[in-house]
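# Structure assessment
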Amino acid sequence: MESTPVKLYVDDGSQPSRACMIFCEMNNIPYEKVETRLVKGDNRKEEFLKINPLGQVPAMKHGEFCLREGHAIMKYLHASFDCADHWYPACIKKRAKVDELLDWYHSVLRQGAAPVVFKTVFSKFFGMKFPEDEIKMHHKILKLSLKNIENIFLTDDFLAGPEICIADLTFYNEILQLKYVEYDLSKYPKLLAWCDRMAAIPEVQKITKVILSFIKAFLDKPKAKI
Ligand SMILES: N[C@@H](CCC(=O)N[C@@H](CS)C(=O)NCC(=O)O)C(=O)O
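Per an unreviewed UniProt entry, the recorded name for the protein is Glutathione transferase, and the organism is Euplotes crassus. What UniProt records for the protein under Subcellular location (unreviewed entry) is the sentence "Cytoplasm".

This paragraph deals with the environment of His 78. Topologically, His 78 is positioned in helix α3 (residues 70–80). Classification of His 78 as buried rests on a relative accessible area of 11%. For the pair formed by His 78 and Cys 24, sequence separation is 54 residues and the distance between their alpha carbons is 9.3 Å. Excluding its chain neighbours within four sequence positions, the residues that come into contact with His 78 are Phe 23, Cys 83, Ala 84, Asp 85, Trp 87 and Tyr 88. Within the local environment of His 78, its side chain forms a polar contact with the backbone oxygen of Ala 84, the two atoms lying 2.9 Å apart.

The next thing to look at is the environment of Gly 13. By secondary structure assignment, the location of Gly 13 is in the loop between β1 (6–10) and α1 (15–26). Discounting chain neighbours no more than four positions away, the residues touching Gly 13 are Arg 18 and Ile 211.

Our focus in this paragraph is α1. The first and last C-alpha atoms of α1 sit 17 Å apart over 12 residues, in line with the 16 Å expected at 1.5 Å per residue. Counting buried positions over the 12 residues of α1 gives 11, a clear majority of the element. Among the structural elements, β1, β2 (31–35), α3, α4 (92–125), α6 (166–176) and α8 (202–220) are those in contact with the buried residues of α1. Positive backbone phi, approximately 55 degrees, marks Asn 28, located one or two places after α1.

Moving on, we come to the nonpolar core. Core analysis: the largest hydrophobic core is formed by 62 residues, its most contacted members being Ile 149, Phe 171, Leu 191 and Trp 194. Counting only elements with at least two residues in this core, the list comes to β1, α1, α3, α4, α5 (132–153), α6, α7 (189–199) and α8. Broken down by element, the residue count for this core peaks at 12 residues, all from α4. Taken domain by domain, this core gets at least three of its residues from each of domain 1 (6–83) and domain 2 (87–220). Residues in contact with Trp 194, not counting those within four places in the same chain, are Leu 154, Asp 157, Phe 158, Leu 159, Asp 168, Phe 171, Tyr 172 and Ile 175.

Look at the link from Val 57 to Pro 58: it is a cis peptide, with omega at 0 degrees. With respect to the secondary-structure elements, Pro 58 resides in the loop between α2 (46–51) and β3 (59–62). Positioned with a positive phi, Asn 28 is a non-glycine residue whose angle comes to about 55 degrees. Its location among the elements puts Asn 28 in the loop between α1 and β2. One non-glycine residue, Glu 182, lies in positive phi territory at about 45 degrees. Locating Glu 182 in the fold gives a position in the loop between α6 and α7.

Rules used throughout
Residue positions are counted from 1 within each chain, in the order its sequence is given. Local features in this predicted model are restricted to residues whose pLDDT is 70 or higher, and side-chain atom pairs enter the listing and the counts only when it is 80 or higher, whereas totals over whole chains, interfaces and linings include all residues. Hydrogen atoms and water are omitted, and side-chain values are computed over all heavy atoms in the structure. UniProt positions are given in the numbering used here, feature names are shortened, and annotations may be inferred rather than shown by experiment. Only DSSP runs of H or I with at least four residues qualify as helices, and only runs of E with at least two residues qualify as strands; both kinds are numbered from the N terminus onward. Remark: exposure states derive from per-residue accessible area (1.4 Å probe, protein chains only) relative to the maximum for the residue type, with buried under 20%, exposed over 50%, and partly exposed in between. Two residues qualify as a contact provided that any one of their heavy atoms is within 4.5 Å of a heavy atom in the partner residue. Polar contact is defined as a pair of N or O atoms within 3.5 Å, subject to the rule that within protein one atom must be able to donate a hydrogen and the other to accept it, and that residues adjacent in sequence are counted only when both atoms are side-chain atoms. To estimate how far a helix should reach, multiply one less than its number of residues by 1.5 Å. For our purposes a nonpolar core is just a set of buried Ala, Val, Leu, Ile, Met, Phe, Trp, Tyr and Cys residues, chained together by side-chain atoms within 4.5 Å. Segmentation into domains, and thus their bounds, comes from an automatic or database assignment.

Spelled out as structure tokens, the structure:
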């Protein structure tokens, strides 16, 4: 079994960064958290660009091997360390169902949730303004995404069955950040129950603590500096 510690370049405010850290915590993977603060421009520094020339987190360094993309990082860690099968099953059909979720996350869920938060909350701090029509379109995608998670995906305790898989981590962290806009999820009872199951996991609590207290402070005092 692999024992070389992994360096994870992450920002607590980044959804896929949190997913990777939770994955390591839940699988006892030894990792060093390399704080890469986006607001401070750490992701544009020469040192970081050697790890990920795209200038994005999460990124990983394991020995001399560098990797970016949260899902790719978790799949790599799953294959390299002693992780339970349910995270990313060896059975071709079960694995394909997880891959189906991972693809959908990028092409649909993230296209709604991430810009809704960025274009309505963060944009103000960067002096940016986006057209109302554009924001409406992202809201439409988000609403459809949540409806599909509720009515199509959640047929069991977790997204791919009775046990947690890597998709649960990225989906959960994407939905978590909707707290910035106090998004009303009450129309989605299955999704809310799944969120509660995710939030009850001690490793999820440990990693989301920073962002949850930041969001709370932000909502209490909306002019808080991002
Ligand atoms: N597709 C990547 C997304 C990476 C990404 O968008 N990272 C954001 C933070 S969540 C970032 O680093 N943004 C800074 C930038 O693009 O300059 C993944 O899933 O890991």
